[in-house]
Amino acid sequence: MWIPTEHEKFGVVIASFRGTVPHGLLLEIGDTVQILEKCDGWYRGFALKNPNIKGIFPSNYIHLKNACVKNKGQFEMVIPTEDSVITEMTCTLRDWGTMWKQLYVRNEGDLFHRLWHIMNEILDLRRQVLVGHLTHDRMKDVKRHITARLDWGNEQLGLDLVPRKEYAMVDPEEISITELYRLMEHRHRKKDTPIPASSHHLFVQMKSLMCSNLGEELEVIFSLFDSKENRPISERFFLRLNRNGLPKCPEKPERHCSLFVDLSSSELRKDIYITVHIIRIGRMGAGEKKNACNVQYRRPFGCAVLSIADLLAGDSKDDLILKVYMCNTESDWYQIHENIIKKLNARYNLTGSNAGLAVSLQLLHGDIEQIRREYTSIFTHGVSITRKLGFSNIIMPGEMRNDLYITVERGEFEKGGKSVARNVEVTMHVVDSCGQILKDFISFGSGELPASEYHSFVLYHNNSPRWAELLKLPIPVDKFRGAHIRFEFRHCSTKEKGEKKLFGFSFVALMQENGRTLPDGTHELIVHKCEENTSLQDSSRYLKLPFSKGILLGNNSQAVKTTKESFWITSFLCSTKLTQNGDMLDLLKWRTHPDKIAGCLSKLKEIDGSEIVKFLQDTLDTLFGILDENSQKYGSKVFDCLVHIINLLQDSKFHHFKPVMDTYIESHFAGALAYRDLIKVLKWHIDRVTEVELQEHIQEVLKAQEYIFKYIVQSRRLFSLATGGQNEEEFRCCIQELLLSIRFFLSQESKGASALSQLQTVFLSSFPAVYSELLKLFDVREVANLVRDTLGSLPTIMHGDESLQAVKLQCIGKTVESQLYTNPDSRYILLPVVLHHLHMHLQEQKDLIMCARILSNIFCLIKKNSSEKSVLEEIDVIVNSLLDILLRTILEITSRPQPSGSAMRLQFQDVTGEFVSCLLSLLRQMTDRHYQQLLDSFNTKDELRDFLLQIFTVFRILIRPEMFPKDWTVMRLVANNVIITTVLYLSDALRKNFLNENFDYKIWDSYFYLAVIFINQLCLQLEMFTPSKKKKVLEKYGDMRVTMGCEIFSMWQNLGEHKLHFIPALIGPFLEVTLIPQPDLRNVMIPIFHDMMDWEQRRSGNFKQVEAKLIDKLDSLMSEGKGDETYRELFNSILLKKIERETWRESGVSLIATVTRLMERLLDYRDCMKMGEVDGKKIGCTVSLLNFYKTELNKEEMYIRYIHKLYDLHLKAQNFTEAAYTLLLYDELLEWSDRPLREFLNYPMQTEWQRKECLHLTIIQNFDRGKCWENGIILCRKIAEQYESYYDYRNLSKMKMMEASLYDKIMDQQRLEPEFFRVGFYGKKFPFFLRNKEFVCRGHDYERLEAFQQRMLNEFPHAIAMQHANQPDETIFQAEAQYLQIYAVTPIPESQEVLQREGIPDNIKSFYKVNHIWRFRYDRPFHKGTKDKENEFKSLWVERTTLILVQSLPGISRWFEVEKREVVEMSPLENAIEVLENKNQQLRTLISQCQTRQMQNINPLTMCLNGVIDAAVNGGVARYQEAFFVKDYVLNHPEDGEKITRLRDLMLEQAQILEFGLAVHEKFVPQDMRPLHKKLVDQFFVMKSSLGIQEFSACVQASPVHFPNGSPRVCRNSAPPSMSPEGARVIPRRSPLSYPAVNRYSSSSLSSQASAEVSNITGQSESSDEVFNMQPSPSTSSLSSTHSASPNVTSSAPSSARASPLLSDKHKHSRENSCLSPRERPCSAIYPTPLEPSQRMLFNHIGDGALPRSDPSLSVPEKAVNTTPSSWSLDSGKEARNTSESAKLISPPVPPRPTQTASPARHIASVSPSVGRSPMKGSVQSFTPSPVEYHSSGLTSNSPVLSGSYSSGISSLSRCSTSETSGFESQSSEQAVTVPNYSVSEEPVRKESKTPPPYSVYERTLKRPVPLPHSLSIPAPSDPPALPPKPQLVRPSNLENSSRRTEQVPRPRPLPRKVSQL
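Since this is a predicted model, take the numbers as computed values, not measurements. The written sequence of each chain sets the order in which its residues are numbered from 1. Since the coordinates come from a predicted model, pLDDT governs what is reported: local features require at least 70, and pairs of side-chain atoms require 80 or more to be given and counted, while whole-chain, interface and lining totals use all residues. Hydrogen atoms and water are omitted, and side-chain values are computed over all heavy atoms in the structure.

Quick notes on the nonpolar core
In step 1: Counting 307 residues, the largest nonpolar core has Tyr711, Phe915, Trp1004, Phe1008, Phe1070 and Phe1089 as the members making the most contacts within it.
In step 2: Core analysis: the second largest hydrophobic core is formed by 50 residues, Phe238, Cys303, Phe487 and Leu578 among them. As used in this record, nonpolar core signifies buried Ala, Val, Leu, Ile, Met, Phe, Trp, Tyr and Cys residues forming a set joined through side-chain atoms within 4.5 Å. Exposure categories follow from relative accessible area, calculated using a 1.4 Å probe and restricted to protein chains: below 20% of the type maximum is buried, above 50% is exposed, and the middle band is partly exposed.

In structure tokens form, the structure reads like this:
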């Protein structure tokens, strides 16, 4: 049975649980769980990371932790009872863990590793805290380290700043907002601006001395030297080096490193130097022999100097090499460092080029304790401390020092009877009063232990030596009295013995008889001569002698003359116990000299402050002793001395002695009667403030008032204790009188900065310190009243002395911070006067920083939710007094421009933040009663209106992102909570006072605007938070967006008819709110749109305004990343449901549908734009959206914007042609007018003409870059016309030159022909604009099918490639997946006239083959009926699909949607005819190219001839003979008679072509290929025999095969000289199109075509099911070239994959297989695709201009006999007409080619209308159209030859011609329809209707493409030259359709729309 748990409430998972049992809860190790129930070793509960899922889990998997429960019951909250730092650490590390992994993914390695180290550190510290064995101090230290690391990590990861108090997180609800702000600001400031350290320390570590001439031990002495004052400022750091220049004691690191401590900031300047003096220990001369002398001397060696400024830049730890200079003249040694500093180092030698002193130096900042913590390694290894000379800047009480510094300066000695000067060495001893030498009291420097004696260095032969060596004598105070220093002088001999001979001595006593110590300064000592063996041990013998020449001068002038030798020392005492000042001693001994008291008191002010503080207690005892004994006589003087001492402690140097005085007052002060005199003298001074001569002294008195009051109070307390509280009333009266004098003094008004105002300033600055003293004697209320009255007496004028006003405010501030104000009783008394002064300053906008601080302190004392009566009353007072002025102040300071200086800006932000926190604190404290009182306090509605507008404006300011730093989320949430609470209160006032007749638009608008920006705040978007953060926010505040949304809805509903004021203004803001991904908010807000539609419908009968605003805002908002698919569905469903019962339902549904469709496209667009690179998906999506804006929404501005977005995408992808077409869309909207256009996008303000000109030039440039020069030429002409009309010949000239350059480029530069691919996108997972649609895409240069497939699969990585070309079924359409179907298609050019015309270069034709293409086709072969295993051509049919696009390619995109599909089936016979036609055309082209030397080599012709003649695989045309010429086939297919005849004619025609081709081949074949040529000739005769041709001469006696100039071409305008009806025979013939077939065809045999088609499709298999199961074969084609494979039937998959449903899905959709992969084929961008005659079949008109060719060797009848079609009329402009004269044929006849054939048997799926070509009358004329004019001949383009072996397993129906080549609907084979004649006048109509536009926007309403826009169109010529039709077989077609097509009205060009000032 499950029992609710009592104590087991919270735990941590210690082992992962998979939850495999029923109702089991999945848990990971480390998860925290809340337990609800328990039962038999199991718990039921939930993981805190996902509280919605509850389940059971084993109890032994959980480690229980102590926790406290809030809100017991269903909604209980469990909080673990552990240290808050531990809780924060745990949560933070969990959040970091996730983000840490993301750092690795984002490749931020540096931060990843640093964070990893920090996390490990925190975990180690966490363990220490959890163990709980730390001391209190150590625990604080650990917590400090933890929080510092947590803050660092949060900052690095961009997380929120955590407010903390004593290392623990604070709950913002438990403290006032002002306190929260201060905590946040403190942490933020601590993070941003480190406080500059006032104390600095220099760490010095000696490494080594690098020098070549070492060999003796050295002493190295470091010190700091002030070059400005020419004196050392520190003690010395002394170090000994061994003979190698290394430290002598390496095992004692403190001996070779030191810390120079207590450097002030003022001492970190460039004239402070580190000086290093080096002394060697050894022989007198450096070059002396070793055995010359055994005595060691200290001798000068060298000096080095470094400026401390060099360390300030980097604080470098790197080793420095200091140059060491050697002293050449020893007499300069004492000032060598000064000379080096002054750059006078030329007189010194360097020790060597690579020599120097290696030291490590580092500057450390902070107090010494901080340094100890931060640089523990320095102190753990040991370091000597080197102090400053004398006291530091701050003297600490309790500091014990008694150091005497002696500098051995110089001496003056006689020669002593020697010829040379002496080598003098000084020896120093400290001798006590008993004559004993004091041991170890001479310190050479830190780093060296003190010694008992000192030996100076020796200067060679110098009777006036200067040493300047500083020594420290740390002699204890008790040994000081009676002690003296003795200096002994010896001459050091350089002889072998090296003796040191004593010749004199000096001494000096340390203390005088009167108790004064040796005065600081330089002393000239007498050198007393003595013998060498004199014993100086008995000091009493010489102490009676004079020691100083200064004393001698006064006492015995005779003796001076006898002492010529002198010795100078400088002494400096640094002692906290001894004094050198006689006046100080006289004062302290005042009882011994009562007559000197007045003088001593007067001299006290002249004594140095350090002497006074050393004896502070003694001095104070002396003063109060004098006061007690003789107050009448000395009272005033003692008071002055006391004031002097008190003010002395205000100095920063002695500031730390204040506690000493406080301790004295509390513990040692005994003046019980002093208070009377002190009050009396103080009042006397205050009463005389107006007396000018006393004002300076009174100012000193007022400065000291705090301590004077302390003495008064303590004295009174002592008196009360002694007397039991006597004279209490008298004391009170004295105090009252004193305060009355003060009030009178304060109430005096003075204009300007007078002396009186200065006194008031001084008094006020120290008055608040008196409060705490008065509280010791008086009741709180009494003191509060006294203070209130005193502060109330201050003058209220604000235009007086500025400094006085500031100090007055500071006094108020200190009052608020004082202990007095913290008491609620006294606070209530003081609050009014405080608020009064604050109000005055805020009103004047003065001293805002101080005002903000005071207000913050006021609110810090008022705790949240305090329901005490006093607090509520205080809030009342504050609201009445300050709320209004507070709002105005915030508005004022936020509207000011921010100051420029960074410090000022910080201050400005602080002020703003503090005022804001004060306002929020006040509002949070206000209750219902306060709000009600506030609203009732307004007398008029205008006042209330102004207040509401003001507070709404302030709230909008508070919501600004820049109000708080970005990581202050805690502060923002608190502020938002206060704002929403206040708004809920104020909305009632809005409803009650400003609705109906009192409606005020401005205030309602302000309200809605505030609510909208409140909801849109970034800090409230919980979806962006981590789960833990989101959970905390929801628990504490809920989702404030929903609350505000509900309030908006409620307020909106209250508006009634006033809603119309806000339509459409609020549509955008409300739409922005609904786009927030919060379901509840959306459900609340979306219905408002229905309401808006309803009210707009009532007002204007439609809701166009609503629609327009919705559409405009949707685009901008969704492009910012707002909105999602869920929103689209919700918007649609909610509004549709809402409008169900409305009368305007239909128009509403239309609007909703439009907006929904726009959302779909915008969402797709946004998703696409997130991709990095520009791809087809981005472009396609932009095109879809652009068309939607134009066609469905008619939003011109948005349309133009997206035109330019698309243009930018194309430029980025280097689709220059598409970019030009895109920009042309905008160009079409403009006209050549002078209408001014506003600035728009990147266009300046200009006229419409200028913008159109600019666009034209840009478009021409892009057409040029895209090699679409023909289109550029048309635009050049357009703009040239404009220049010409304005007579702008300069620009006209430029434009003509540009046009000419484009013509040159057409002829000179190579253009690659792209391939085209059909792509189907199936499945619901594709974006809307692609879903279940098919497109044709123009490939990139050199891009083949495989590359294109890979590109598409990369763009859609989740797509599945379909392995067949069949149309997918409905299951694929509805699948929740992505399917791609890709195969190549062949373009069908529209401009046949250019392509069919002879003599036009390939460079020109190549443009028309791949540009302005609307139609594409692909073929699919299949078998129908029984398949003949011997000859499969009998049943081989072809399914031909034609795709018609919505726009021609190229256009504004590289791909366009397929608008229409037409499917036609071709019979095997038709297929054979087409194959032969194509092959014949290919042969003609190659022969022609060979004749005209267009081919670089003959190989393509050789391979083609070989392939046709030598049918190596399937027997060539013999297979066709077997299939279609047999009796059975003729009998069974009587309707195919004409087609069979046509096939036979083509075979004979091919034989004729081959014969001529062999003749040409023989002419050009190289010698090494002669055997192959001979073989081809032999094979050709075999082939002829198989066709039944014995000799051509027998059949065709005269073949009109004339190639003028050796070329198979006839001039277009040539004709025989004579011609008559009798002598001429009009011969129907096929005239092959002279068209370039570039070298891409391999060897193929015509005779093998049929079999090759079958064999490569069927693989010679027995079963039709195996037709496509062949693997790709590498063999060459027997039917055609391996390079002529169709680009449209590209499937290498089995037939069932294309036509059979048996193939499994696995094979259909395998991504591993290439998507319908083609084999190697020539259809690349390099090789153009030839056009075949079969694709030119419109009508086979017999024209008048078809004339027979003459051969002079034949008779006239013979000339007319040939009924075999002539193959060599390569002039595509001439066509024979079929006339009745065909009956007059002369025998012997050859079966003629029929004039008309029955229509091929086809099954038509769908047909699109087209226009046929009309016959032209008249003689043959020259007609050469411009290469850039678009003429439509009504002929569809052809594909490459329908032939080819499928070595890659692809259908042999390669590049089949289209079935609808005539452009008419095909007719059944039973019908034979005569060709109608069309009038010539219809030609322009056809031209216009069929001219393919190079660019146009697809209009959905039109079923055919939009005609060429006006800007690119060329008018049709009124009387174009006629082209005689070629004799060509006509496939009958439906007459009705034909006639209907001829009547088709050309599609009108849309008129240019006016651009509304864009």
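Looking at the sheet that holds strand E26 (residues 466-473)
In step 1: Strands are treated as partners if at least two bridges between them are detected by DSSP. Secondary structure elements follow DSSP: runs of H or I no shorter than four residues count as helices, runs of E no shorter than two count as strands, and numbering proceeds from the N terminus. If you trace the four strands from one edge of the open sheet to the other, you get E26-E23-E31-E29, paired in antiparallel fashion. Either end of the sheet is taken by a strand with one partner, and the two such strands are E26 and strand E29 (521-526). Pairwise comparison of adjacent strand axes, ignoring direction, gives a mean angle of 25 degrees for this sheet.
In step 2: Here 10 bridges tie strand E23 (residues 402-412) to strand E31 (residues 566-575), and the two strands are oriented antiparallel to one another. Opposite Leu404, over in E31, you have Leu573 as the bridge partner. Every axis corresponds to a line fitted to the C-alpha atoms, with the helix fit spanning only the stretch in contact, and the corresponding angles, defined between N-to-C directions, vary from 0 to 180 degrees.

Looking at the pattern of salt bridges
Oppositely charged side chains can pair when the atoms bearing their charge come close.
In step 1: Any Lys or Arg side-chain nitrogen found within 4 Å of a carboxyl oxygen on Asp or Glu counts as a salt bridge. Using the criterion set out here, one finds 96 salt bridges in the structure.
In step 2: One salt bridge connects Glu782 with Arg732, and the closest N-O pair in it is separated by 2.7 Å. On the criterion of sequence distance, the pair formed by Glu782 in helix H25 (residues 780-792) and Arg732 in helix H22 (residues 728-747) is long-range, its members being 50 residues apart.
In step 3: In this structure Glu782 comes out as partly exposed when scored by relative accessible area, which is 34%.
In step 4: Across the pair Asp1167 and Lys1170 runs a salt bridge whose closest N-O atoms are separated by 3.8 Å.
In step 5: One continuous salt-bridge network, built from bridges that share partners, spans Glu219, Arg236, Arg240, Arg298, Glu448 and Glu469.

Describing the sheet that holds strand E25 (residues 453-455)
In step 1: Spatially, E25-E24-E27-E28-E30 is the arrangement adopted by the five strands of the open sheet, whose pairing is antiparallel. What marks the edges here is a single partner per strand, and that holds for E25 and strand E30 (528-529).
In step 2: The pairing of strand E27 (residues 484-492) with strand E28 (residues 500-509) spans nine bridges and is antiparallel. Counted as the bridge partner of His484 is Ala509 from E28.

Some details on the environment of Met1362
In step 1: Among the structural elements, Met1362 can be located in the loop between strand E36 (1360-1361) and helix H51 (1370-1373).
In step 2: Looking at Met1362, the relative accessible area reads 1%, which means it is buried.
In step 3: With 40 residues separating them along the chain, Met1362 and Tyr1322 place their C-alpha atoms 9.9 Å apart.

Digging into unusual backbone geometry
With glycine set apart, most residues show a phi of negative sign, and most peptide bonds adopt trans.
In step 1: Backbone torsion omega between Ile1063 and Pro1064 reads 10 degrees, so that peptide bond is classified as cis.
In step 2: Cis rather than trans, the peptide bond between Leu1449 and Pro1450 has omega equal to -5 degrees.
In step 3: Position of Pro1450 relative to the elements: it lies in the loop between strand E39 (1436-1449) and strand E40 (1455-1466).
In step 4: Unusually for a residue other than glycine, Lys343 sits at a positive phi of about 65 degrees.
In step 5: Inspection of the secondary structure assignment puts Lys343 in the loop between helix H6 (336-341) and strand E20 (349-350).

Comments concerning helix H34 (residues 969-993)
In step 1: To estimate how far a helix should extend, the number of its residues minus one is multiplied by 1.5 Å. Taking 1.5 Å of rise per residue, 25 residues should cover 36 Å, and H34 covers 35 Å from first to last C-alpha, within 8% of that figure.
In step 2: The quantity called bend is, for any residue, the angle between two axes fitted respectively to the seven residues ending at it and the seven beginning at it. The largest bend along H34 reaches roughly 25 degrees and is located at Tyr985.

Considering the packing of helix H40 (residues 1087-1100) against helix H41 (residues 1104-1119)
In a packed pair of helices, the relevant descriptors are the angle between the two axes and the axis-to-axis distance.
In step 1: Two elements in contact, H40 and H41, have axes whose closest approach is 8 Å; the angle formed by their N-to-C orientations is 140 degrees. The angle between H40 and H41 places the two elements in the oblique class. Seen from H40, the contacting residues are Phe1089, Met1092, Met1093, Glu1096 and Arg1099; seen from H41, they are Gln1105, Val1106 and Leu1110.
In step 2: Within the contact of H40 with H41, the residues separate by chemical class into five nonpolar, one polar and two charged. Angles below 35 degrees are treated as roughly parallel, those above 145 as roughly antiparallel, those between 65 and 115 as roughly perpendicular, and all remaining angles as oblique. Should any heavy atoms of two residues lie within 4.5 Å, those residues are considered in contact. Three classes are used: nonpolar for Ala, Val, Leu, Ile, Met, Phe, Trp, Tyr, Cys and Pro, charged for Asp, Glu, Lys and Arg, and polar for all others, with Gly counted as polar.

Quick notes on the packing of aromatic side chains
In step 1: Here a Phe, Tyr or Trp ring, Trp counted by its six-membered ring, pairs with any other such ring whose centre lies within 6.5 Å, and the pair is stacked when the planes are under 30 degrees apart, edge-to-face when over 60, and tilted otherwise. In total, this model carries 68 aromatic pairs according to the counting rule given.
In step 2: Plain terms: the ring middles of Tyr1189 and Tyr1202 are 5.4 Å apart, the flat faces sit at 20 degrees to each other, and that makes the pair stacked. On the criterion of sequence distance, the pair formed by Tyr1189 in helix H44 (residues 1176-1193) and Tyr1202 in helix H45 (residues 1196-1212) is long-range, its members being 13 residues apart.
In step 3: We classify Tyr1202 as buried; its relative accessible area is 0%.
In step 4: An aromatic cluster is built from Phe952, Phe999, Tyr1001, Trp1004, Tyr1007, Phe1008, Trp1052, Phe1062 and Phe1070, whose rings are joined through pairwise contacts.
In step 5: We call a charge positioned above a ring when the Lys NZ or Arg CZ atom is no farther than 6 Å from the ring centre and deviates by at most 35 degrees from the ring normal. The aromatic ring of Tyr707 is capped on one face by Lys710, whose charged end is 4.5 Å from the ring centroid.

Remarks on the environment of Asn349
In step 1: Within the fold, Asn349 resides in strand E20.
In step 2: Once the C-alpha coordinates of Asn349 and Val324 are considered, the two residues, 25 residues apart in sequence, prove to be 8.5 Å apart.
In step 3: Those residues in contact with Asn349, other than ones at most four positions away along the chain, are Val324, Tyr325, Met326 and Asn328.

Quick look at the packing of H34 against helix H35 (residues 1001-1015)
In step 1: Where H34 contacts H35, the axes come no closer than 12 Å and their chain directions differ by 155 degrees. Here H34 lies roughly antiparallel to H35, going by the angle between them. Here H34 and H35 pass one another in a crossing that is left-handed. Contacts between H34 and H35 involve Asn976, Ile979, Ile980, Val983, Ser987, Leu990 and Arg991 from the former and Ile1003, Trp1004, Tyr1007, Leu1010 and Phe1014 from the latter.
In step 2: When its residues are assigned to classes, the contact of H34 with H35 shows nine nonpolar, two polar and one charged. What makes a crossing left-handed is the near helix being turned counterclockwise from the far one by less than a right angle; a clockwise turn instead makes it right-handed.

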